[in-house]
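One letter stands for each residue in the lines below.
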Amino acid sequence: MSMFGMEPLVIGDDILDIGSRKAVDRYCGNKAQIGLSQDLLMGRPGAFDVPNVKDPALYCSSHFRSTCGTGDAGQEIKFAKGTTTLAFKFNGGIIVSVDSRATQGNYISSQTVKKVIEMNPYLLGTMAGGAADCSYWERRLNLQCRMYELRNGRRITVAAASKLLAGTMASYRGYGLSMGTMITGWDETGPQLYYVDDDGTRLKGKMFSVGSGSTFAYGVLDNYYREDLTLEEAIDLGKRAIYHATHRDAASGGINNLYHVTKDGWVKIHAIDVNDMHYEFEEEKRNEMSS
Amino acid sequence: MGTLMASTEASVEATSKPIEHRFSPYDFNGGTVAAVAGPDYVVVAADTRLSSGYEIKSRHVTKLHALTNQCILASAGCKTDVDQLRSVLDIRGKMYQHNHRKPMQTPSVAQMLSVTLYGKRFFPYYAFNVLAGMDAAGVGAVYSYDAIGSFERTGYSAAGSGQAYVIPFLDNVIGNRNRLEEKPVLAAQEVVELLKDAFLSAGERDIYTGDQVEIMVVTKDGIQTQTFALKAD
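Chain B has the name Proteasome subunit beta in an unreviewed UniProt entry, where Fistulifera solaris is given as its organism. Taken from UniProt, the Function (unreviewed entry) comment for chain B reads in full: "Component of the proteasome, a multicatalytic proteinase complex which is characterized by its ability to cleave peptides with Arg, Phe, Tyr, Leu, and Glu adjacent to the leaving group at neutral or slightly basic pH. The proteasome has an ATP-dependent proteolytic activity." A UniProt comment under Subunit (unreviewed entry) is attached to chain B, and it reads "Component of the proteasome complex."

In the annotation of an unreviewed UniProt entry, chain A is listed under the name proteasome endopeptidase complex and assigned to Fistulifera solaris. Under the Catalytic activity (unreviewed entry) heading, UniProt states for chain A: "Cleavage of peptide bonds with very broad specificity." Within the UniProt record for chain A, the comment given under Subcellular location (unreviewed entry) is "Nucleus".

Right, dumping it as structure tokens:
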């Protein structure tokens, strides 16, 4: 292990990788100098195993996708996915509202997934697309944000955090990852909202909705969104948009988790079952009709 | 009747297009696993049938694996991937114990299993896992996973070929869904009996579930095992 210049202080788990075929890192100059064949390499922690085929990216993107809808119908293994998430900026900060359903094919694998990832007290990330992809890479992003904080003595900006994630996604482009996330927080430039995609897309914006139910959520959001919403109106809008999406999208449902991002960090506002919301809105409609 | 109709349609389809036969690195070996968490215990159950296609390869293969004396991994899916996964987790668990001079706690095992599974994101372990154990506070914990490591702590879980038969039953009886009475607090022995019922029902309707159920009860004092016979058809 010392020939690569790293001296592990504890028994490392890289000994598990001896003899395995790890994904090739074209920037690793050591290999060329020492002239070792790939099979004899001591595995590098952090590199992924790929199938031993001619075009690993093509194989992975056709057999191991965690894609939306029935795109993974022909696959042997189906991964957890499906969702509606939304976030919008208004004068009082940012509202983040999500559902909590995960599906594997036609089966609802969970109704209680935490799709807002509380990365640290001032940064939130949402989860849409592949559940494992989102939770793994956003946890990784949290690590990178913490290292930034320790090295630079100040908090990372939302722009930088989202850029780190977008860069990671771009380097795994074509391998079938599925992630549509919104990175949001309040830094020295104010409240910020970025959308980051699994093909490396990174967009700054005032309002986004991601997931299989996003079109339904956009319909409600576009109709009622104003920058000068009060906090109660904004919370109500976020809640309604998710309700309508879960009502019409089969892959969305469960519980609406809603967060408010403020100057002092994020606050969780509520966790309401969308079925209870249905009866609440029905009652409202009935009262409006009669008045 | 459903299968008869499908085969006549399939035979027309079969002659109209060439069928590609290709090596698949995965085989589905069937079986069901389930776990329920309690206030000071956790009960895990798994059947012991190993199948491949329409054949039963063995009636006495365990799907449960104790990683520490407070934590059990239950896995259904492809047996070779499950065996490899158990090996890797055992090695990592031993290294942790050597480095930290204490066994891994269940929440840490849960996170380790997640990253181990995601480490093979581009060639996944075909293993559907349920992790059950006692958490640091002495309360039962059950974690459900998908094949690439997305996980969540839940009150109960099931995985494998009989998942869709067991989960609705557990939703009703353990999760108290669609019931009007207050949720009862169940003792470990009551949960064992409920799981036996669940596996009996799954065994009736799932071809890959049957033969025997192995049930482990984990408390702060350790693990107790019992077996329960199912139909062998």
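So, next bit.
A. Broad picture of the overall build of chain B. A count of helices and strands for chain B gives five helices and 12 strands. The principal-axis extents of the C-alpha atoms in chain B amount to approximately 60 × 45 × 30 Å. When each of the 233 residues of chain B is scored for burial, the buried share is 52%. The long-range fraction of contacts in chain B, counting pairs at least 24 apart against all pairs at least 6 apart in sequence, stands at 62%. Put simply, chain B shows about 11300 Å² of open surface, and 55% of that area lies on carbon and sulfur atoms. Charge centroids of chain B, computed over 22 positive and 25 negative side chains, lie 6 Å from each other.

B. Structural context of the pairing of strand β11 (residues 212-219) of chain B. Residue and element names in this part refer to chain B. Counting buried positions over the eight residues of β11 gives six, a clear majority of the element. Direction of pairing for strand β2 (residues 42-47) relative to β11: antiparallel, over a ladder of six bridges. Of the residues in β11, the one forming a bridge with Asp47 is Val213. Sheet analysis places β11 next to strand β12 (residues 222-229), joined by eight bridges and oriented antiparallel.

C. View of the interface of chain B and chain A. Counting residues at the interface gives 30 residues for chain B and 35 residues for chain A. Considering only the surface of chain B that becomes buried against chain A, Tyr118(B), Arg121(B) and Phe122(B) emerge as the three largest contributors, covering 28% of it. Joining chain B to chain A, the criterion identifies one salt bridge. With a shortest N-O distance of 2.7 Å, Asp133(A) and Arg121(B) are connected by a salt bridge. No other element matches helix α2 (residues 79-100) of chain B, which puts six residues into the side of chain B that touches chain A.

D. Summary view of the pattern of salt bridges. Tallied over the full model, the rule gives 25 salt bridges over all chains. Of the charged contacts in the structure, one is a salt bridge between Arg59(B) and Asp211(B), with a shortest N-O distance of 2.6 Å. Separated by 152 residues along the polypeptide, Arg59(B) in the loop between β4 (55-58) and β5 (64-68) and Asp211(B) in the loop between α5 (188-205) and β11 bring together distant segments of the chain. Note on Asp211(B): relative accessible area 9%, which makes it buried. Here Arg86(B) makes a salt bridge to Asp83(B), at a shortest N to O gap of 3.8 Å. Residue Arg86(B) and its partner Asp83(B) are located together in helix α2, separated by three residues, close to a single helical turn. Through salt bridges with shared partners, a single ionic network connects Arg226(A), Asp228(A) and Glu233(A).

E. Representation of helix α3 (residues 131-152) of chain A in the model. Compared with the 32 Å implied by 1.5 Å per residue over 22 residues, the 31 Å span of α3(A) between its first and last C-alpha is a close match. Taken residue by residue, α3(A) has Ala131(A), Ala132(A), Asp133(A), Cys134(A), Tyr136(A), Trp137(A), Glu138(A), Leu141(A) and Cys145(A) as its buried positions. Its buried side turned inward, α3(A) meets β5 (116-120), β6 (123-126), α4 (158-171) and β7 (180-187) of chain A together with α3 (106-118) of chain B. Gly153(A) lies just past α3(A) and shows a positive phi near 70 degrees.

F. Here's a closer look at the confidence of the model for chain A. Residues and elements named next belong to chain A. For chain A, per-residue confidence averages 83 on the pLDDT scale, and 79% of positions sit at 70 or higher. Here helix α1 (residues 29-34) is the element of chain A with the lowest mean pLDDT, 41, and strand β9 (residues 202-204) is the one with the highest, 97. A low-confidence stretch, residues 1-10 (pLDDT under 50), is modelled with 11 contacts involving residues beyond four sequence positions or located in other chains. Contacts from residues 23-45, a stretch scored under 50 in pLDDT, to residues over four places away or in other chains number 25 contacts.

G. Spotlight on the packing of aromatic side chains. Scanning all chains against the criterion turns up 18 aromatic pairs over all chains. Plain terms: the ring middles of Tyr136(A) and Tyr118(B) are 4.1 Å apart, the flat faces sit at 15 degrees to each other, and that makes the pair stacked. In this pair, Tyr136(A) is assigned in helix α3 and Tyr118(B) in helix α3, connecting two distinct chains. Per residue, the accessibility class of Tyr136(A) equals that of Tyr118(B), and both read buried. When the centroid spacing of 5.1 Å and the interplanar angle of 55 degrees are considered together, the rings of Tyr175(A) and Phe122(B) count as tilted. One end of the pair, Tyr175(A), is in the loop between α4 and β7; the other, Phe122(B), is in the loop between α3 and β7 (127-134), on a second chain. In textbook terms, an aromatic cluster arises when at least three aromatic residues are bridged by ring pairs, as seen for Tyr136(A), Trp137(A), Tyr172(A), Tyr175(A), Tyr118(B) and Phe122(B). Between the NZ or CZ atom of Lys120(B) and the centre of the ring of Phe123(B), over which it lies, the distance is 4.7 Å.

H. Layout of the sheet that holds strand β10 (residues 207-210) of chain A. All names here are of chain A. Strand order in the open sheet made by the five strands is β10-β1-β2-β11-β12, with antiparallel pairing throughout. Each edge of the sheet is formed by a strand with only one pairing partner; in this case those strands are β10 and β12 (265-273). Mean inter-strand twist for the sheet, computed between neighbouring axes without regard to direction, equals 15 degrees. Bridge analysis of strand β11 (residues 255-262) against β12 gives eight bridges, and the strand direction is antiparallel.

What counts and how
- Residues numbered from 1 in each chain as written.
- Chains lettered and ligands numbered in written order.
- Predicted model: local features only at pLDDT ≥ 70, side-chain atom pairs only at ≥ 80, totals over all residues.
- Heavy atoms only, no water.
- UniProt positions renumbered as here; feature names shortened; annotations may be inferred.
- Helix = DSSP H or I, 4+ residues; strand = E, 2+ residues; numbered from the N terminus.
- Buried < 20%, exposed > 50% of the residue type's maximum accessible area, 1.4 Å probe, protein only.
- Contact = heavy atoms within 4.5 Å.
- Areas by Shrake-Rupley, 256 points an atom, 1.4 Å probe, with all protein chains shown as cover.
- Lys, Arg positive; Asp, Glu negative; His and termini not counted.
- Charge placed at Lys NZ, Arg CZ, Asp CG, Glu CD.
- Pairing = 2+ DSSP bridges.
- Buried area = accessible area lost by both parts, 1.4 Å probe.
- Salt bridge = Lys/Arg side-chain N within 4 Å of Asp/Glu carboxyl O.
- Expected span 1.5 Å × (residues − 1).
- pLDDT = per-residue confidence, 0-100.
- Phe/Tyr/Trp six-rings, centres within 6.5 Å; stacked < 30°, edge-to-face > 60°.
- Lys NZ or Arg CZ within 6 Å of the ring centre and 35° of its normal.
- Axes fitted to C-alpha atoms, helices over the stretch in contact; angles between N-to-C directions.

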